[in-house]
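# Architecture and fold: a report
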Amino acid sequence: MIEMKTPAEVDAVQAAGKIVADVLTAVREHAAPGVAPAELDTLAADLIAAAGARPTFLGYHPRSAPSAYPAVICASVNDAVVHGIPGRQPLRDGDLLSVDLAVHLDGWCADAAFSTVVGRADPRDVELIETTERALAAGIAAAVPGARMGDIAHAIGVVGRAGGYGLLANHGGHGVGREMHEAPHVPNEGRAGRGLVLRPGLVIAIEPMFLAGGTDDYRPDPDGWTLRAADGSRAAHTEHTIAVTDDGPRVLTAGRPTS
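To keep things clear, this report deals only with the structure shown in the data block. What you see is a predicted model, and the numbers here were worked out from it, not measured in a lab.

### A word on the pattern of salt bridges
Pairs can form between side chains of opposite charge whenever their charged atoms are close. Counted under the stated rule, the structure contains 17 salt bridges. Across the salt bridge formed by Asp-95 and Arg-92, the nearest N and O atoms sit 3.9 Å from each other. By relative accessible area, which is 5% here, Asp-95 ends up buried. With a relative accessible area of 55%, Arg-92 lands in the exposed category. For Asp-221, the salt bridge is made with Arg-219, and the minimal N-O distance between the two is 3.8 Å.

### Re the environment of Gly-17
Looking at the element boundaries, Gly-17 is found in helix α1 (residues 7–30). On the basis of relative accessibility, which here comes to 0%, the residue Gly-17 falls in the buried class. Once the C-alpha coordinates of Gly-17 and Ala-254 are considered, the two residues, 237 residues apart in sequence, prove to be 7.3 Å apart. Other than its neighbours up to four places away in sequence, Gly-17 contacts Ala-110, Leu-252 and Thr-253.

What counts as what
Residues numbered from 1 in each chain as written. Predicted model: local features only at pLDDT ≥ 70, side-chain atom pairs only at ≥ 80, totals over all residues. Heavy atoms only, no water. Salt bridge = Lys/Arg side-chain N within 4 Å of Asp/Glu carboxyl O. Buried < 20%, exposed > 50% of the residue type's maximum accessible area, 1.4 Å probe, protein only. Helix = DSSP H or I, 4+ residues; strand = E, 2+ residues; numbered from the N terminus. Contact = heavy atoms within 4.5 Å.

In C-alpha cells form, the structure reads like this:
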C-alpha cells in the first residue's frame, strides 16, 4: 500500500534529510587516500548521534539478507555497486567510493547517496559519476504531479544507456518515510507514460546505479550484502529522497555535494 504524506509529514522527512545531507557532506570531506571506510562509518555514527537521530542501516535485517547489516553507512569501493560494508582496508589513491546513508529522526526516514573519487581521478570515473548525477537530476525533474513512474524510469535509463553504462539489474529506488523501504518501487529504466500516476504527497528515493562495463549483471560477496559488477568494472551510485508536490519535485536531502 502506498502512503501519501501530508505537508507536515513531508517536512518531517526533510528534517531527517537535512541530517543525512550534513553527515554525507562530512563523510565526503574526510574521504581520502589512507582513510579506511570504517573510519568514515565511525564519523557518521558520531554525527548522527550528536544530531539526535538514529542510523537506519545499523541492524537492518530484511528477509533476503543472511544477517543484520553491521554498520551505519554503506561504503562501496570500485567494482562494488551498493551495500558495501565499510572495512578497515584504507582507501587508495584513485579509488571510486560510493556512500549511502539513511537516518530516522522522530519516526521519519530519509535516504541519500553519493559517489566520488578519492585522490587523483581517472577521467573515465569522473564521467561515470557525472552521468549518474545527470540521470538522478533527470529522474527528479520527471517527478511532477500527473506524470507516471515510467517517466522517472525512462528519464534515468535514457541517460545511462546513452553513456554506454549498465544499470544494476533488479534494483532501483523506493518509497520512503516511516520506513526506509516502502512502496512503490522506483525503476531505473522503463517506458514513459506507463505505471503509477504521481500525486502530491508521494515521497520516494530515486537512485541510479550505473556500471561502467555496460552490462547489468552483478555478483554478491560472501558477506551477503555487497553487490559487485559481474565484469569487475567500476560503478557509481547517487540518490536523493524527494517529494512530489503541487509546485514540482522537492528534494528532501538537499545539501549533499555533487560531483
